[in-house]
Amino acid sequence: MKNYIKHDEWNIIEEGFNPALNKVSESIFSIGNGRMGQRANFEERYGGESLQGSYVAGVYYPDKTRVGWWKNGYPEYFAKVLNAPSWIGIDVFVDGEPLDLHRLEILRFRRQLCMRDGYLSRSFTARFEDGREVAVEATRFCSLVDDECGALSYRISARNFEGRFVVIPYLDGGVRNMDSNYDETFWEYVAASTAPNRSVLTMRTKKTDFWVTTGMHYELLADEGRIQCSEQDVRRDDYIGKSVTFDLAAGQSIAVRKYAVVLSSENHPKADMEARASAMLDRVVAKGFDRMMVEQSEAWGQKWEESDIRIRGDIAAQQAIRFNIFQLHQTYSGEDERLNIGPKGFTGEKYGGATYWDTEAYCLPFYLATAPPAVAKNLLLYRYRHLPKAIENARKLGFDGGAALFPMVTMNGEECHNEWEITFEEIHRNGAIAFAIYNYVRYTGDDEYLADYGLEVLIGIARFWAQRVNWSEYRQRYVILGVTGPNEYENNVNNNWYTNTMAVWCLTYALEALTAVRHAWPAKYEAVITRTAFDERHETGTWETIVEKMYYPVDGERGIFLQQDGFLDKELVPAESLPAEQRPLNQHWSWDRILRSCYIKQADVLQGIYLLEDRFDLETIRRNVDFYEPLTVHESSLSPCVHAILAAKLGDEERAYQFYLRTARLDLDDYNNDTEDGLHITSMAGTWMSIVEGFAGMRVRDGRLHFSPMLPVKWQSYEFSIRFRGTVLTVKVSRSGVLLAHSGSDPLTVFVFGHPYRVPREASVELAGGQRI
Ligand code: BGC
């Protein structure tokens, strides 16, 4: 765990430069706008440790699978998000010497991410060996308004000398991925062009043939008067830029403004990309950097208005939740149903930028409550469009009759993960995808989604479960063998309670959805039945039998659900007795040792209890939490939020708060020692859930909102807004009670601690039954 980020309500601040932390900071200070993203690499060259990262949404490379021993069913490739041509670079030479913080003495350094207005800034003063001092102030952002554009301002000053400066704003297509199975490059040159102050470079990806055109236009702005300068084209292979030479007197400074556009052939015809890049550059240059900054601030203002959470009394907690919300918005805007949310967003290469079950299990609630319903719907449609591929994927593994197994990891619907224990066994992902449909319908009331899209997906998923179970003569029950549950520190287990439970839940929900659609939309129902060649009598009969006769591992004595068969054979030693230097286990223990141990990577049984909470009484929840929590090492970022929500449910404010901090500051404080690979974007939505579903206890039951708020001792109050069925409801929890206000014209009924309140437009709700927060 690290503790170097300054606490501040609206900013992420790093003071002083520690090269050992540079890659961590490059992740933390990343910027993006849903279409493109950029790690916080320096504009000028840097010879020290760095992970270069510019990413373009939807552009990937199918890197040929690399495994020790091929197994039938493995996918051909593992999709990689690509480190794309860089648009931020500005090389700087001072009297012929490169400006490189790795080689210079750094007198002052500050990096700051301004979340309110959506930009990154960095300033430093560096000294050359002979005492010449150069100061730099850089600001950049990925525009929310012009979402294929980025812009930066780079002001450079000669502090105590007069010297000759060469600055080279450039575009670099000669980039590599750190993560490349065969150490290959993934890009090929297509074309380049130049004009005064401007360069445009088009590169294509090998195999997938995505084209990306990156264009830049620079301007120089002197503080006062004009500065004489000369411009020359620079061109080396895939590197294109402009070399600009000028002299600065002592104390004088000059700003380089660099406008960049990044176009992908996913959104533009290839033949037009270069011309469109130039036209787009004309437009943003005419608008100007300052105007773009103002628009950026306004666009972020709108986002904050809809999704900010305000915490009073705890700056670390406030900063953290804003950081999580900020990064989620930077990753996914929900406008394009072809896009999704990679576990690292645009902040690193790990997890290949692909879609995991994280989206459905963790991210959906955030977008449901903070964005228009179309955004959450797009996340669902993404899977709907992939249904044919999910059916094909299941067929490859030996299932038939329209059974669908959605991929564990995907870019375009095809499975692209190739560890057998995950690809073939972590089938619980199908459950999360079905649950997301339920969650969406429950939250929005958009039942018709089932008729239009949802039912078809549910049928495919239910068919899969119906074939994946087998009848055990011995138990006289259905069982599910050879799976990996959410806890990836166990593989090939039998009867993972979570998986069995979700399988039955899916079958039950599919049955309910069939009935609901048949009644409400008979014509659409018939169309789905025909399209899916559904055998109503036979298939529903099979599903009902499985639902009735599924086996679940439990321990009656302890009154708990068992993670899987045989879990109690393990040596049960609480994780807190593990020496600190052995954590995280996955960086210190052999895989063999991990598999045999009792340690749980992430919520597993507890994940199921979280999703299906209404089925369990408080004592059952408590017994399971008390049993599993001490064994859980939370080495997946997805884990602490579930524990925070359950702790809050059980009224354990202290534990809920500790888990909240752990999820919220996971990256800011680098809890798992892996932030340098990129941020844990998908778990950030879990942080939001920890407050809204955890502390505020929000639930949706029968189309109504319920809250059972608690307030961490350290906090004076917290306040958030959620969209719910056409209104925006603001909830403020403080020691004196709960304040509810909403934007709708009709009164809204909201339950607080189980008591219904009719909330006119603005009202202070008295806590019922003398309860105090
Ligand atoms: C977790 C998975 C998750 C993946 C991507 C893994 O460490 O165990 O549940 O889907 O990370 O976030």
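Procedures and definitions
Residues numbered from 1 in each chain as written. Predicted model: local features only at pLDDT ≥ 70, side-chain atom pairs only at ≥ 80, totals over all residues. Heavy atoms only, no water. UniProt positions renumbered as here; feature names shortened; annotations may be inferred. Helix = DSSP H or I, 4+ residues; strand = E, 2+ residues; numbered from the N terminus. Contact = heavy atoms within 4.5 Å. Buried < 20%, exposed > 50% of the residue type's maximum accessible area, 1.4 Å probe, protein only. Pairing = 2+ DSSP bridges. Axes fitted to C-alpha atoms, helices over the stretch in contact; angles between N-to-C directions. Near = heavy atom within 4 Å. Polar contact = N/O pair within 3.5 Å; in protein donor to acceptor, adjacent residues only side chain to side chain. Areas by Shrake-Rupley, 256 points an atom, 1.4 Å probe, with all protein chains shown as cover. Nonpolar A, V, L, I, M, F, W, Y, C, P; charged D, E, K, R; others polar. Salt bridge = Lys/Arg side-chain N within 4 Å of Asp/Glu carboxyl O. Expected span 1.5 Å × (residues − 1).

Trainee: Which residues make up the UniProt feature "binding site: substrate" (unreviewed entry) in the protein chain, and what are the values?
Mentor: Residues annotated in UniProt with the feature "binding site: substrate" (unreviewed entry) correspond here to Trp357, Asp358, Lys601 and Gln602. The topology assignment puts Trp357 in the loop between helix 4 (315–331) and helix 5 (358–370). With near-sequence residues (within four places) excluded, Trp357 lies in contact with Tyr362, Arg383, Met408, His428, Arg429, Ala432, Pro486, Tyr498, Gln602, Gln607 and Leu638. In this structure Gln602 comes out as buried when scored by relative accessible area, which is 4%. Apart from residues lying up to four places away in sequence, Gln602 is in contact with Trp357, Pro486, Asn487, Glu488, Thr632, Ser636, Leu638 and Ser639.

Trainee: If you had to explain the UniProt feature "domain: Glycoside hydrolase family 65 C-terminal" (unreviewed entry) in the protein chain to someone new, which residues and values would you point to?
Mentor: Following the UniProt record, one finds the feature "domain: Glycoside hydrolase family 65 C-terminal" (unreviewed entry) at residues 698–759. The annotated region residues 698–759 carries 0% helix and 63% strand content, and the separation between its end C-alpha atoms amounts to 16 Å.

Trainee: Explain the sheet that holds strand 9 (residues 105–114) residue by residue, including any values.
Mentor: Here nine strands make up an open sheet; going across it, the order is 1-9-10-11-12-19-16-15-14 and the pairing antiparallel. Of all strands in the sheet, those bounded by a partner on one side alone are strand 1 (11–15) and strand 14 (187–195). This sheet shows a mean twist of 15° between the axes of neighbouring strands, independent of strand direction. Relative to strand 10 (residues 119–127), strand 9 runs antiparallel, the two being bridged by nine bridges. From the neighbouring strand, Glu105 faces strand 10, where its bridge partner is Arg127. Each of strand 10, strand 11 (133–142), strand 12 (149–158) and strand 19 (253–264) is contacted by helix 3 (residues 289–307), which is oriented at about 55° to strand 11, the strand it contacts most. Across the sheet, helix 4 is in contact with strand 1 and strand 9; its angle to strand 9 comes to roughly 75°.

Trainee: Can you explain the pairing of strand 5 (residues 60–64)? Please cite residues and give values.
Mentor: Most of strand 5 sits out of view: four of its five residues are buried. Across five bridges, the pairing between strand 5 and strand 6 (residues 77–81) is antiparallel. When the bridges of strand 6 are listed, Pro62 appears paired with Ala79.

Trainee: Any details on the site of the ligand? Residues and values, ideally.
Mentor: Taken together, Pro343, Tyr351, Tyr356, Trp357, Asp358, Glu488, Lys601, Gln602, Ser636 and Leu638 make up the full set of residues adjacent to the ligand. In the environment of the ligand, an oxygen atom lies 3.0 Å from a nitrogen or oxygen atom belonging to the side chain of Trp357. Between Asp358 and the ligand, the recorded distance is 2.5 Å, taken from a side-chain N or O atom to an oxygen atom. Protein burial of the ligand: of its 310 Å² of free accessible surface, 94% is covered by the chains. Across the shell around the ligand, the residue classes tally to five nonpolar, two polar and three charged.

Trainee: Can you lay out the pattern of salt bridges for me, pointing to particular residues and giving the numbers?
Mentor: For the structure on display, the rule yields 64 salt bridges. A salt bridge links Asp147 to Arg35; the nearest nitrogen and oxygen atoms lie 3.5 Å apart. Remark: Arg35 occurs in the loop between strand 2 (31–32) and strand 3 (36–38) and Asp147 occurs in the loop between strand 11 and strand 12; sequence separation between them is 112 residues. The partner of Asp308 in a salt bridge is Arg322, with the nearest N and O atoms 2.9 Å apart. With Asp308 in the loop between helix 3 and strand 20 (309–312) and Arg322 in helix 4, this residue pair connects regions lying 14 residues apart in the sequence. For Asp308, a relative accessible area of 5% translates into the label buried. One salt-bridge network, in which partners are shared between bridges, spans Arg35, Asp147, Glu266, Asp336 and Arg338.

Trainee: Break down the sheet that holds strand 7 (residues 90–94) for me, with residues and values.
Mentor: Sheet architecture is open: five strands sit in the order 8-7-13-18-17, paired in antiparallel fashion. Lying at the two open borders of the sheet, with one neighbouring strand each, are strand 8 (97–98) and strand 17 (230–236). Across eight bridges, the pairing between strand 13 (residues 163–172) and strand 18 (residues 239–248) is antiparallel. Along strand 18, the bridge assignment pairs Val167 with Val244.

Trainee: Any details on the pairing of strand 17? Residues and values, ideally.
Mentor: With seven bridges connecting them, strand 17 and strand 18 associate as antiparallel partners. Looking at strand 18, one finds that Ser230 is bridged to Thr245. Hairpin connection of strand 17 to strand 18: two residues between the antiparallel strands, including Asp237 at a positive phi of 45°.

Trainee: So what's going on with helix 2 (residues 273–287)? Which residues, and what values?
Mentor: The end-to-end C-alpha distance of helix 2 is 21 Å, a good match for the 21 Å that 15 residues give at a rise of 1.5 Å each. On its buried side, helix 2 packs onto strand 12, strand 15 (198–205), strand 16 (211–222), strand 19 and helix 3. Trailing helix 2 by a residue or two, Gly288 shows a phi angle of about 90°, which is positive.

Trainee: Give me the side chain of Asn491: which residues, what numbers.
Mentor: Following the sequence through the fold, Asn491 ends up in the loop between strand 22 (477–479) and helix 11 (497–520). Here Thr484 takes part through its side chain, which lies 3.5 Å from a polar atom of the side chain of Asn491. There is a polar contact of 3.5 Å between the side chain of Asn491 and the side chain of Trp591. Look past the residues within four positions of Asn491 in its chain and what remains in contact with it is Glu421, Glu425, Val483, Thr484, Trp591 and Leu595.

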